Amino acid sequence: MAGHAVQTAPLVELALRMGDNCLILGHRNSEWCGHSPALEEDIALANMALDLIGQTQLWLGLAAEAEGRGRSADDLAYLRDVPAFRNLLLVEQPNGDFGRTIMRQFLFDSWHLPMLRALQGASDERVAEIAEKASKEVAYHLERSGDLVIRLGDGTEESHRRMQAALDLLWSYAGEMFAGDARDAEIAAAGLAPEPDSLRPVWRSHVEAVLAEATLAVPQNDYAQKGGKSGRHSEHLGFILAEMQFLQRAYPGAAW
Amino acid sequence: MYAQLVKTDAARLRTLDEMDPQERAFQERIDAGEKIEPKEWMPEGYRKTLVRQISQHAHSEIVGQLPEGNWITRAPTLERKAILLAKVQDEAGHGLYLYCAAETLGISRDEMYAQLHSGKAKYSSIFNYPTLSWADIGAIGWLVDGAAIMNQVPLQRCSYGPYARAMVRICKEESFHQRQGFHIMSVLAKGSDAQKAMAQDALDRWWWPSLMMFGPSDDASVHSAQSMAWNIKQDSNDALRQKFVDQTVPQARFLGLTVPDPDLAWNEEKGGFDFGQPDWDEFYAVIAGNGPCNRERLQARKDAWDEGAWFREGLSAHARKKADRRMAQAA
Ligand SMILES: [Fe+2]
Ligand SMILES: [Fe+2]
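Note that the structure is predicted; figures quoted are calculated from it, not measured.

### Notes on the overall build of chain A
A tally of regular secondary structure across chain A gives 11 helices and 0 strands. Starting at the N terminus, the α and β elements of chain A follow one another as α-α-α-α-α-α-α-α-α-α-α. Taking 256 residues into account, the globule formula puts the C-alpha radius of gyration at 18 Å, and chain A, at 18 Å, falls close to it. Taken over the C-alpha atoms alone, chain A extends approximately 55 × 40 × 30 Å along its principal axes. Burial statistics for chain A: of 256 residues in total, 58% are counted as buried. Pairs at least 24 residues apart make up 81% of the contacts formed inside chain A by residues separated by at least 6 positions. Entry remark: accessible area of chain A is about 9,800 Å², with carbon and sulfur atoms responsible for 53%.

The following block contains the structure:
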């Protein structure tokens, strides 16, 4: 099951990359449950986590079906180890303060929505269908996270400082979304998804417009941390999986 | 239920003849089953009691996110995770409806939070117990939401309009909560030996705290009598507890689980179960702040509030700036 042991088909790889992003970001958002700064935020974050877990079920369900090895979406979520996960480094970064959580969401949503819109034209109908359903939810996520970035960036001195710090910290994880690798090239060649780099201009212009309104400065350092998409993760993912997979690992084969 | 031991300030129940005309007219409307709406005159005692009751209920909903929220990141399947997320999100929504209902009585949400954080306002004792296994998530839905439904269903017909309407929305969701909890338990009860043991252990730990949710016997309580006269309480604590036991014991038996009460026995004559009393000393200890999780629960809420201050201030500052800019444009 390790990354390079079995070369997955392009469709499987795409579904894993999409699904793992949703799963890990949904997990991170759900960590806030009952601890966020306002009741409305508890509700909104749970709602977003719920959307993302729903999308996970669809993407990992497709990955399981397409790989044809008799595994289920749950098997993929609960029984793979770190190197087999295909999510971006961005989504596994710790929540930090609420500002960092919102900024992470905004940088991701700004990529996620154009990606899903592009996937609606995929050569595989199942991909197009999932993308269509998910893009409705994600359009709302982006509207919300962008709005919060603006209000907090252009809020108090402290909220501005925190949002700028979050942006500076997370910026180096944004580049991975647009850095294509060999698998991305195969996925694009199969007509499943656009080359990652092609989404950069629309992402960049949207992010810059929102940051300008938020009075936040675009970081100058464009060095990109990479590896998540090919299974080389940060230290954080192991802890997420240890928690998430605990019951499935402690009681192998049990039904829940 | 989520509001236990609600005081009314009443020394004794007064008859219609003892009331001044305004209060008498108010009481007669309640007796006729009419709804009282926010702008209308109401006795100060009625208003204050409702604020206590509704805010206690609201606090219970939001503190109640914590024990269950604990297990969202560890839910055993994607389906279970989604269901639990939806449930906990509902509970936060219930908190929101209820805070809004209480606000119609002239208290702000921030004031209610301050009362929670200072310990002046209470929340249900049940949420001061820990969730130690996945079966606890089943037990909470089955027992705790099950107990909550018992008194929330009649509250849909209570005399205060906004509270009654909040209850209508809440009750729609509570039965889904109870069913998902029971379903978790039934899967565990049919599972491996370890899973069965997990389910039994959860029932052993949650049974008595669930019975305590109804509060101690209030047959002799002037507060309960006053609340009933005002139609913001419909049944005695003992009557609700009896109803809960009668409904739940057969479900436990259906699951093949044992209710941890040696005194439990069917009483043909009354057509209900005889059962033992919870440890009321433990109940009062938990209410006084000495339950296993009181400190953690309250601290978690205070931390969320304090650490979120910059966020809330940021949003208000932005709203002010925006309003100023609009004014400047208009000028
Ligand atoms: Fe509730
Ligand atoms: Fe509930």
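### Observations concerning the overall build of chain B
If you tally the helices and strands in chain B, you get 13 helices and 2 strands. Taking 331 residues into account, the globule formula puts the C-alpha radius of gyration at 20 Å, and chain B, at 22 Å, falls close to it. In terms of principal-axis extent, the alpha carbons of chain B reach across some 75 × 55 × 35 Å. The buried share among the 331 residues of chain B stands at 57%. Here the contacts in chain B between residues at least 6 apart in sequence split such that 78% fall between residues at least 24 apart. As displayed, chain B offers around 13,800 Å² of accessible surface, 53% of which is attributable to carbon and sulfur atoms. Between the averaged position of the 40 positive side-chain charges in chain B and that of its 45 negative side-chain charges there is a distance of 7 Å.

### What about the coordination of the iron ion (ligand 2)?
Residues and elements named next belong to chain B. Donor atoms from the polypeptide that bind the iron ion (ligand 2) are E91 (OE), D145 (OD), E174 (OE) and H177 (ND1), placed at 2.0 to 2.2 Å. One can describe the site at the iron ion (ligand 2) as irregular: its 4 donor atoms subtend angles covering 85 to 169 degrees at the metal. We note that the donor set of the iron ion (ligand 2) lies within a single chain, spaced as E-x53-D-x28-E-x2-H. The two metals, the iron ion (ligand 2) and the iron ion (ligand 1), are separated by 3.3 Å and share E91 as a common coordinating residue. Placement of the pair is E91 in helix α4 (residues 78–103) and D145 in helix α6 (residues 134–155), with a sequence separation of 54 residues. Of the residues examined, E91 reaches a relative accessible area of 2% and is grouped as buried.

### A word on the interface of chain A and chain B
Across the boundary between the two partners, chain A contributes 48 residues, which contact 48 residues of chain B. When chain A packs against chain B, the two sides together hide about 4,100 Å² of surface, and 67% of this comes from carbon and sulfur. Between the two partners, chain A and chain B, sit 4 salt bridges. A salt bridge links D154 of chain A to K321 of chain B; its shortest N-O distance comes to 2.9 Å. Run the count over chain A and chain B and you get 18 residue pairs in polar contact (both at pLDDT 80 or more).

### Describing the coordination of the iron ion (ligand 1)
Residue and element names in this part refer to chain B. Protein coordination of the iron ion (ligand 1) is provided by E61 (OE), E61 (OE), E91 (OE), H94 (ND1) and E174 (OE), with donor distances spanning 2.0 to 2.8 Å. Counting residues between consecutive donors of the iron ion (ligand 1) along the chain gives the motif E-x29-E-x2-H-x79-E. The buried category is assigned to H94, whose relative accessible area is 0%.

### Section: the side chain of S135 of chain A
You can see S135 of chain A is positioned in helix α6 (residues 125–153). For S135 of chain A, a relative accessible area of 6% corresponds to the buried category.

### Section: the packing of α6 of chain A against helix α13 (residues 309–330) of chain B
At a minimum axis separation of 7 Å, α6 of chain A and α13 of chain B run at an interaxial angle of 85 degrees. If you check the angle between α6 of chain A and α13 of chain B, you find them roughly perpendicular. In this structure, α6 of chain A contributes L148, I150, R151 and L152 of chain A to the contact, and α13 of chain B contributes W310, F311, G314, L315 and H318 of chain B. In the contact of α6 of chain A with α13 of chain B, the residues fall into 6 nonpolar, 2 polar and 1 charged.

### A closer look at the pattern of salt bridges
Residues and elements named next belong to chain A. Scanning the model with the defined rule gives 43 salt bridges over all chains in all. Between R162 and D97 there is a salt bridge whose closest N-O contact spans 2.9 Å. Of this pair, R162 sits in helix α7 (residues 157–170) while D97 sits in the loop between α4 (89–92) and α5 (98–119), and the two are 65 residues apart along the sequence. For D97, a relative accessible area of 23% puts it in the partly exposed group. Put simply, E13, R17, R86, D181, R183, D184, E186 and K229 are held in one network by salt bridges that share partners.

### As for the side chain of R241 of chain B
Residues and elements named next belong to chain B. Here R241 shows up in helix α10 (residues 237–255). The class of R241 is buried, set by a relative accessible area of 1%. Engagement of the side chain of R241 in a polar contact is seen with the backbone oxygen of L211, the distance being 3.0 Å. The contact partners of R241, leaving out residues within four places of it in the chain, are L211, F214, G215, P216, S217, F275 and W280.

### Some points on the environment of E44 of chain B
Residues and elements named next belong to chain B. In this structure, E44 sits in helix α2 (residues 44–63). Separated by 62 residues in sequence, E44 and G106 have C-alpha atoms that sit 11 Å apart. A polar contact of 2.9 Å, which involves the side chain of E44, links it to the side chain of R47.

### Let's talk about helix α1 (residues 21–31) of chain B
Residues and elements named next belong to chain B. Those residues of α1 that sit buried are E23, F26, Q27 and I30. Axial view of α1: buried residues confined to an arc of 95 degrees, hence all on one face. Facing away from the buried side of α1 by over 90 degrees, the exposed positions are P21 and D31. Check the buried side of α1 and you find it contacts α2 and α9 (222–229).

### Description of the packing of aromatic side chains
Residue and element names in this part refer to chain B. All told, the structure shown has 22 aromatic pairs over all chains when counted by the stated rule. With 6.3 Å between their ring centres and 25 degrees between their planes, F182 and F254 make a pair best called stacked. A residue pair is termed long-range when its members are at least 10 positions apart, and F182 in helix α7 (residues 161–189) and F254 in helix α10 qualify at 72 residues. Plain terms: the ring middles of F214 and F244 are 5.5 Å apart, the flat faces sit at 50 degrees to each other, and that makes the pair tilted. Taken together, the residues span a long stretch of sequence, with F214 in the loop between α8 (193–212) and α9 and F244 in helix α10 at a distance of 30 residues. Judged by its relative accessible area of 1%, F214 is buried. Relative accessible area serves as the criterion here: at 1%, F244 is assigned to the buried category. Among the aromatic residues, those joined into a cluster by ring pairs are F26, W41, Y46, Y160 and W230. Just above the ring of Y97 sits the side chain of R169; from NZ or CZ to the centre is 3.9 Å.

Conventions and cut-offs
Residues numbered from 1 in each chain as written. Chains lettered and ligands numbered in written order. Predicted model: local features only at pLDDT ≥ 70, side-chain atom pairs only at ≥ 80, totals over all residues. Heavy atoms only, no water. Helix = DSSP H or I, 4+ residues; strand = E, 2+ residues; numbered from the N terminus. Rg over C-alpha atoms; globule rule 2.2 N^0.38 Å. Buried < 20%, exposed > 50% of the residue type's maximum accessible area, 1.4 Å probe, protein only. Contact = heavy atoms within 4.5 Å. Areas by Shrake-Rupley, 256 points an atom, 1.4 Å probe, with all protein chains shown as cover. Lys, Arg positive; Asp, Glu negative; His and termini not counted. Charge placed at Lys NZ, Arg CZ, Asp CG, Glu CD. Donors = N, O, S within 2.8 Å, 3.2 Å for Na, K, Ca; no water. Tetrahedral: all angles 85-135°; square planar, octahedral: opposite > 155°, others 65-115°. Buried area = accessible area lost by both parts, 1.4 Å probe. Salt bridge = Lys/Arg side-chain N within 4 Å of Asp/Glu carboxyl O. Polar contact = N/O pair within 3.5 Å; in protein donor to acceptor, adjacent residues only side chain to side chain. Axes fitted to C-alpha atoms, helices over the stretch in contact; angles between N-to-C directions. Parallel < 35°, antiparallel > 145°, perpendicular 65-115°, else oblique. Nonpolar A, V, L, I, M, F, W, Y, C, P; charged D, E, K, R; others polar. Arc of directions from axis to C-beta. Phe/Tyr/Trp six-rings, centres within 6.5 Å; stacked < 30°, edge-to-face > 60°. Lys NZ or Arg CZ within 6 Å of the ring centre and 35° of its normal.

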